[in-house]
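Here's the letter readout for the chains.
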Amino acid sequence: MGPFDLAIHLANFAAPALGMAVLMGIFSLFRRPKQPFPLVWPAQLAINFTIGITTLGASLWHFGHDGMVATYVALVVAVATSQWVMERGWRG
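Residues numbered from 1 in each chain as written. Predicted model: local features only at pLDDT ≥ 70, side-chain atom pairs only at ≥ 80, totals over all residues. Heavy atoms only, no water.

Take the nonpolar core next. Across soluble globular proteins, nonpolar side chains show a tendency to be buried alongside one another. Counting seven residues, the largest nonpolar core is built from Phe-13, Ala-17, Met-20, Met-24, Leu-56, Leu-75 and Val-79. Mapped onto this core, the elements with two or more residues apiece are helix 1 (3–31) and helix 3 (69–86). A per-element tally of this core places helix 1 first, with four residues. With near-sequence residues (within four places) excluded, Ala-17 lies in contact with Phe-49, Gly-52, Ile-53, Leu-56 and Leu-75. (Core = buried A, V, L, I, M, F, W, Y, C linked by side-chain atoms within 4.5 Å. Buried < 20%, exposed > 50% of the residue type's maximum accessible area, 1.4 Å probe, protein only. Helix = DSSP H or I, 4+ residues; strand = E, 2+ residues; numbered from the N terminus. Contact = heavy atoms within 4.5 Å.)

Here it is in structure tokens:
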């Protein structure tokens, strides 16, 4: 595998985590439009992306290959929980 193929594989591996991080940031703007956010949007994106990549990496290690439905369920749950914590969702 050449360096270009490796870059394409890594980009495709990280794409779901990046997509979830961007979507969570966009949807959080509509969820609580009048409340100030404790973190700015780029910081939320970076934190959610890091959580997502970690979840995908742990799933790759656990299952031995990526692309399983359980991986994507875990990704959604992990990133949504991260966003909920950053928005301090327990306060209502």
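More follows now that the structure is in view.
Contact geometry of helix 2 (residues 41–63) with helix 3 gives a least axis separation of 9 Å together with a crossing angle of 150 degrees. In this view, helix 2 runs roughly antiparallel relative to helix 3, as classed from their interaxial angle. Considering the relative orientation of helix 2 and helix 3, their crossing is right-handed. Residues Gln-44, Ile-47, Asn-48, Ile-51, Gly-52, Thr-55, Leu-56, Ser-59 and Phe-63 of helix 2 form the contact with helix 3, whose own contacting residues are Ala-70, Thr-71, Tyr-72, Ala-74, Leu-75, Ala-78, Val-79, Ser-82, Gln-83 and Met-86. Across the contact of helix 2 with helix 3, the residue classes tally to 11 nonpolar, eight polar and no charged. (Axes fitted to C-alpha atoms, helices over the stretch in contact; angles between N-to-C directions. Parallel < 35°, antiparallel > 145°, perpendicular 65-115°, else oblique. Left-handed = near helix turned anticlockwise from the far one by under 90°. Nonpolar A, V, L, I, M, F, W, Y, C, P; charged D, E, K, R; others polar.)

Where nonpolar side chains cluster on the molecular surface, the patch consists of Leu-23, Ile-26, Phe-27, Leu-29, Phe-30 and Trp-41 and spans about 620 Å² of accessible area. For the nonpolar patch, the leading source of residues is helix 1, giving five residues. Within the secondary structure layout, Phe-27 lies in helix 1. (Patch = residues over 30% accessible without salt bridge, like charges linked within 9 Å, V, L, I, M, F, W, Y side chains within 5 Å. Areas by Shrake-Rupley, 256 points an atom, 1.4 Å probe, with all protein chains shown as cover. Salt bridge = Lys/Arg side-chain N within 4 Å of Asp/Glu carboxyl O.)

With that settled, the discussion passes to helix 3. End to end, helix 3 covers 26 Å across 18 residues, agreeing with the expected 26 Å (1.5 Å per residue, within 8%). Thr-71, Leu-75, Val-79, Ser-82, Gln-83 and Met-86 are the residues of helix 3 that are buried. Angular distribution of buried residues about the axis of helix 3 spans 95 degrees; they occupy a single face of the element. Backbone geometry just after helix 3 places Arg-88 at a positive phi near 55 degrees. (Expected span 1.5 Å × (residues − 1). Arc of directions from axis to C-beta.)

Moving on: the environment of Ser-59. Assignment of secondary structure puts Ser-59 in helix 2. Put simply, Ser-59 and Leu-75 are 16 residues apart on the chain and 9.2 Å apart in space, counted from C-alpha to C-alpha. Residues in contact with Ser-59, not counting those within four places in the same chain, are Gly-64, His-65 and Thr-71.

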